[in-house]
Amino acid sequence: MNDRLAGIKQEILNGIDQHAGSRAAAFELRKQFLDSKTGKIGQLMKEMKSIAPEERAGFGKNINELKEWAQQRFSELDEKLKARELERRYESEKIDVTMPAQKAETGNLHPITQMRNQLIDVFAGMGFEIYEGTEIENDYYNFTALNTPKDHPARDMQDTFYLSPEFLLRTQTSAGQIHVMESKKPPIKILAPGKVFRSDDDATHSPMFFQMEGLVVDKKITLCDLKGMLDVFVRKIYGEDTTTRLRPSYFPFTEPSVEVDVSCFECGGKGCKLCKGTGWIELLGAGIVNKKVLENCGIDSEEYSGLAFGIGIDRTAMFKYGINNIKLLFESDLRVLRQINDN
């Protein structure tokens, strides 16, 4: 029996020397000898019944001594391997504090987001509230309620993405003014920013772009109020010497309607490549809200009048930041985006 115990002890020592290169391997080796059901030392205890009664005490004592010895050896091995693994981890995670630090680049808001925030700040300072509409719109709100019936030629001005005969991707944020006027009594002063969609694609147009609708409804609203607001807007965005001019135009939801030009902020109105030598740049469309639109929303057009304007956020950003192709705003080219940061 002593030879068997000595043999098991030697097996443990050999196993530690040859196979216990990691804590996982050491755990498996430990199970071979100390597992209560299958371990070699545990199996010896099952032989107790075949030992003569007078020899059982000595037999059990020898096995317990071997078990305690094995547990001690495996505990020492585990501590040794744990220390070795920790040392390797420290070595792999070691940092040379004398090395230059890696530069952490900070991001900035997208030019469209920057411009949207600037526009909101300007008009919020004039008392405007923000209305967020939905990108999927009903034909009634996008066209009919804005004085554009189904057979109206103005629909040809906007190539529309229809989802069904009734629903579409909105072509203008003007639909938001109908929702507001139906749910709120004058005075009304709101901005409706968001994405709009039209089947159009070239250097200055995109099938998806950003627009901001402005609406004011109150008593005795005139084109003078419109021009005054827009003058404040262009001075804040393009510089204090910038001004606006109004040219007659046509939109079904405003009467009279105007195109709004801004004096060229590049040349100061003298004429340059940006303004094509005219000294002016076309910026947005606006006008006095058509009486039919007010009446469609249940507002007395004899008592109240309104003004509306639609600002292309992308177009405004392109002019301010000198971007000549609208696609640069949507390609997320970091070489472009890093150059634009007004924050």
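In the block above lies the structure referred to throughout.
Residues numbered from 1 in each chain as written. Predicted model: local features only at pLDDT ≥ 70, side-chain atom pairs only at ≥ 80, totals over all residues. Heavy atoms only, no water.

Peer 1: So what exactly am I meant to see when it comes to unusual backbone geometry here?
Peer 2: Phi is mostly negative for residues that are not glycine, and the peptide bonds are mostly trans. Look at the link from Pro-186 to Pro-187: it is a cis peptide, with omega at 5 degrees. Locating Pro-187 in the fold gives a position in the loop between helix 7 (175-183) and strand 4 (188-197). Along the chain, Glu-255 connects to Pro-256 via a cis peptide bond; the corresponding omega equals 5 degrees. Positionally, Pro-256 belongs in strand 7 (residues 254-263). (Helix = DSSP H or I, 4+ residues; strand = E, 2+ residues; numbered from the N terminus.)

Peer 1: In this structure, what is going on with the pairing of strand 8 (residues 280-289)? I would like to understand it.
Peer 2: Taken residue by residue, a regular strand's side chains alternate between the two faces of the sheet. Extensive coverage of strand 8 is indicated by the burial of eight of its ten residues. As paired strands, strand 8 and strand 9 (residues 305-312) are joined by five bridges and run antiparallel to one another. By the bridge assignment for strand 9, Ala-286 is matched with Phe-309. (Buried < 20%, exposed > 50% of the residue type's maximum accessible area, 1.4 Å probe, protein only. Pairing = 2+ DSSP bridges.)

Peer 1: When you look at the sheet that holds strand 4 in this model, what are you seeing that I'm missing?
Peer 2: Strands belonging to one sheet form pairs held by backbone hydrogen bonds; the direction of such a pair is parallel or antiparallel. Taken in spatial order, the seven strands line up as 1-4-5-9-8-7-6 in an open sheet, and their pairing is mixed. Looking along the sheet, the strands with just one partner apiece sit at the ends: strand 1 (129-130) and strand 6 (244-251). Where strand 6 and strand 7 come together, seven bridges link them in antiparallel fashion. For Arg-245, the partnering residue across the bridge sits in strand 7 and is Asp-261.

Peer 1: Just to check I follow, could you spell out the packing of aromatic side chains for this structure?
Peer 2: As enumerated under the stated definition, the model contains eight aromatic pairs in all. In this structure an aromatic cluster arises from ring pairing among Phe-123, Phe-128, Phe-233 and Phe-309. Looking at Lys-9, its charged tip hangs above the ring of Trp-69, at a distance of 5.0 Å from the centre. (Phe/Tyr/Trp six-rings, centres within 6.5 Å; stacked < 30°, edge-to-face > 60°. Lys NZ or Arg CZ within 6 Å of the ring centre and 35° of its normal.)

Peer 1: I would appreciate a short explanation of the nonpolar core in the present structure.
Peer 2: Generally speaking, nonpolar side chains in soluble globular proteins are found buried as a group. Within the largest apolar cluster, 44 residues are counted, with the highest numbers of intra-cluster contacts made by Phe-233, Leu-284 and Phe-309. Of all elements in the fold, only helix 5 (111-124), strand 5 (208-218), helix 8 (223-238), strand 7, strand 8, strand 9 and helix 10 (313-321) reach the threshold of two or more residues within this core. Top contributing element to this core by residue count: helix 8, with seven residues. Not counting residues within four places of it along the chain, the set of residues in contact with Phe-309 comprises Phe-123, Phe-128, Leu-191, Met-212, Glu-213, Gly-214, Leu-226, Leu-230, Leu-284, Gly-285 and Ala-286. (Core = buried A, V, L, I, M, F, W, Y, C linked by side-chain atoms within 4.5 Å. Contact = heavy atoms within 4.5 Å.)

Peer 1: Whenever I open this one, the pattern of salt bridges confuses me. Can you help?
Peer 2: Any two side chains of opposite charge can pair, given that their charged atoms come close. In the structure shown here, the tally under the stated rule is 13 salt bridges. Residue Glu-79 pairs with Lys-82 through a salt bridge whose shortest N-O separation is 3.8 Å. In this pair, Glu-79 and Lys-82 are both assigned in helix 4 (residues 53-92), three residues apart and thus about one turn of the helix distant. Under the relative-accessibility criterion, Lys-82 is labelled partly exposed at 35%. A salt bridge links Arg-247 to Asp-261, with the shortest nitrogen-to-oxygen separation between them at 2.5 Å. Placement of the pair is Arg-247 in strand 6 and Asp-261 in strand 7, with a sequence separation of 14 residues. Judged by its relative accessible area of 28%, Arg-247 is partly exposed. Within this structure, Arg-245, Arg-247, Asp-261 and Glu-282 form a network of salt bridges that share partners. (Salt bridge = Lys/Arg side-chain N within 4 Å of Asp/Glu carboxyl O.)

Peer 1: Where do I start with the environment of Leu-77 in this structure?
Peer 2: Secondary-structure assignment places Leu-77 in helix 4. Judged by its relative accessible area of 7%, Leu-77 falls in the buried class. Each C-alpha atom of the pair Leu-77 and Ser-22 lies 9.6 Å from the other, and the pair is 55 residues apart in sequence.

Peer 1: Would you mind showing me how to read helix 10 here?
Peer 2: Two residues of an α-helix separated by three or four positions point the same way, owing to the 3.6 residues in each turn. In terms of burial, helix 10 is largely enclosed, as seven of its nine residues are buried. Where helix 10 is buried, its residues contact helix 5, strand 5, helix 8, strand 8 and strand 9. In the segment just after helix 10, Gly-322 is the residue with positive phi, at about 70 degrees.

Peer 1: Can you help me understand the packing of helix 8 against helix 10 in this one?
Peer 2: Any two packed helices are characterised by the angle at which their axes cross and by the distance between the axes. Where helix 8 contacts helix 10, the two axes come as close as 11 Å, and the packing angle between them is 45 degrees. One finds that helix 8 runs oblique with respect to helix 10. Only Thr-316, Phe-319 and Lys-320 of helix 10 make contact with helix 8, whose side of the interface consists of Phe-233, Ile-237 and Tyr-238. The residue inventory of the contact of helix 8 with helix 10, partitioned by class, reads four nonpolar, one polar and one charged. (Axes fitted to C-alpha atoms, helices over the stretch in contact; angles between N-to-C directions. Parallel < 35°, antiparallel > 145°, perpendicular 65-115°, else oblique. Nonpolar A, V, L, I, M, F, W, Y, C, P; charged D, E, K, R; others polar.)

Peer 1: Would you mind going over the side chain of Glu-259 with me for this structure?
Peer 2: Locating Glu-259 in the fold gives a position in strand 7. We note that Glu-259 is buried and unpaired, the nearest opposite charge coming from Arg-247 at a distance of 4.9 Å. Polar contacts involving the side chain of Glu-259 include one to the side chain of Ser-249, which spans 3.4 Å. For Glu-259, the residues in contact, after removing those within four places along its chain, are Arg-245, Leu-246, Arg-247, Ser-249, Phe-251, Glu-282, Leu-284 and Gly-285. (Lys, Arg positive; Asp, Glu negative; His and termini not counted. Polar contact = N/O pair within 3.5 Å; in protein donor to acceptor, adjacent residues only side chain to side chain.)

Peer 1: What exactly am I supposed to notice about the environment of Tyr-162 here?
Peer 2: By the secondary structure assignment, Tyr-162 is in the loop between helix 6 (139-142) and strand 3 (167-169). Filtering out sequence-adjacent residues up to four positions away, Tyr-162 remains in contact with Asp-139, Phe-143, Arg-155, Phe-167 and Leu-168. Only 3.2 Å separates the side chain of Tyr-162 from the side chain of Asp-139, close enough to count as a polar contact.

That's the geometry; what it means functionally is another story.
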